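Breakdown of the fold
Here's the letter readout for the chains.
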Amino acid sequence: MGDDAAMPRRAPSRPGHDVMRSLRSAGAFRQHLEITPEPATQVAGGADPVTDTPPLDGPEGKPALVVEHLTKRFGDRVAFDDVSFEVGYGEVFGFLGPNGAGKTTTVRTLGTLIAPSSGSAIVAGIPVTAKNGPAIRARISLMPESPGLYLRLTVAENLKCFAGLYQLADARYRIDRALQAVNLTDRANDLCGSLSKGLRQRVALARALLNDPAVLFLDEPTSGLDPVATREVHDLIASLRERGVTIFLTTHRLEEAERLCHRVAILNTTLRVVGRPAELREQLFTRYLEVRVRAALGDPGRVFNGLPDVDSWAQEPSGPYRLAVSDPDAAAPAVARALVNAGADILSIAESRHSLEDVYLKLVDEDVEAKRR
Ligand SMILES: Nc1ncnc2c1ncn2[C@@H]1O[C@H](COP(=O)(O)OP(=O)(O)OP(=O)(O)O)[C@@H](O)[C@H]1O
Ligand SMILES: [Mg+2]
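Right, let's get into the sheet that holds strand 8 (residues 247–250). Reading across from one edge, 6-7-8-3-9-10 is the order of the 6 strands in this open sheet, with mixed pairing throughout. Of all the strands in the sheet, just strand 6 (140–143) and strand 10 (270–275) have a single pairing partner and so form its edges. On average, each strand axis in the sheet is tilted by 15° relative to the strand beside it, whichever way the strands run. The pairing of strand 3 (residues 92–96) with strand 9 (residues 263–268) spans 4 bridges and is classified as parallel. The residue of strand 9 that forms the bridge with glycine 94 is valine 264.

What follows is the structure, encoded as structure tokens:
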């Protein structure tokens, strides 16, 4: 599948973003966290939770990330190979893949912590070269899998230290806003060593927001967190997404990607696929209508054979009929009419949909099979 085919068309370009400015006042942010009801999320069988499509192009008419044929080798070991994709400004881009797939190495390469072996990349409008490293690092933030905080310093001292490394002039103001953004103002004077894992993740996220990054890299931000702490981090990311922050998110949590990301890429050393979760489901799987009737049909072939848009049908062992269709919306009314004409009592006619997990497992299983051959 070509990446271009999977690339959603976008609204007109929007200027770059000022994360901290866009987070607005702390009060408004807290209000968002506490009052805004959780948007309904259907992982398997629902519409895509992320329906808005952010603009692809930034102020200079360029995407936030342009990666072309990028490869990183450590000696004989290939961490990732010939990877190409683009990420638009304001997009939340999920980067999925099994352990050792090359996700963290990709993040470290794009974050200019290590040099690629070959290929090219442009990060926040700046080509990745040894010379450009400092300029790129000033425009991005990277939240690594482990927070890497100074445990004997307080939360505020940690942020001050990192604001100093960024040489931020208005450090105090930025620290206050970052703490407010992650709802940690009241823990500012606590030692980081005394914080729970989830709270440390939030401090790390606050640190990543200090410099108003044009691109925010989050490497498994919810790894090892309990459901409540995970939910808090999800809410923070969703809130950043609503404010147009460009986020590159690696994760093993497929429901997290499905819920938060506009598009996802699945990496397994090489890039297997890029697209919106709904597009990937459609491209990789046949679409089905599942038909439930009160009593088994006497002659299902007479009902389903020859119906427009129904390619084939079968009865599942548990009773329902599974109809392979090219367009469920077009097929369903004709199926309903045929059932009524046959005197059947319809209980339901519904599209049976695949989850992002199905997509992921299909691709990764294919790789396992290919390696066996
Ligand atoms: N500094 C290094 N030296 C040698 N090999 C490395 C180095 N860093 C990563 N690798 C190798 O590159 C491959 C990709 O590793 P990477 O950490 O990017 O995977 P990942 O997708 O982030 O995995 P996980 O889901 O477990 O975090 C692995 O085989 C890893 O052992
Ligand atoms: Mg990793």
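Turning to the site of ligand 1, a few remarks are in order. Taken together, the neighbourhood of ligand 1 is formed by Phe74, Arg77, Ala79, Gly97, Asn99, Gly100, Ala101, Gly102, Lys103, Thr104 and Thr105. Within the residue set of the shell around ligand 1, elements represented by two or more residues are strand 2 (77–87) and helix 4 (103–110). Broken down by element, the shell around ligand 1 gets its largest block of residues, 3 residues, from helix 4.

Whenever strands of a sheet pair, they do so through backbone hydrogen bonds, lying parallel or antiparallel. An order of 2-1-4-5 is seen for the 4 strands of this open sheet, with the pairing classed as antiparallel. Unpaired on one side and paired on the other, strand 2 and strand 5 (126–127) mark the two borders of the sheet. One ladder, built from 7 bridges, connects strand 1 (residues 65–74) with strand 2; its direction is antiparallel. Bridging across to strand 2, leucine 70 finds its partner in valine 83.

Thresholds, definitions, all that
- Residues numbered from 1 in each chain as written.
- Chains lettered and ligands numbered in written order.
- Predicted model: local features only at pLDDT ≥ 70, side-chain atom pairs only at ≥ 80, totals over all residues.
- Pairing = 2+ DSSP bridges.
- Helix = DSSP H or I, 4+ residues; strand = E, 2+ residues; numbered from the N terminus.
- Axes fitted to C-alpha atoms, helices over the stretch in contact; angles between N-to-C directions.
- Near = placed C-beta within 6 Å.

In short, geometric facts, not functional conclusions.
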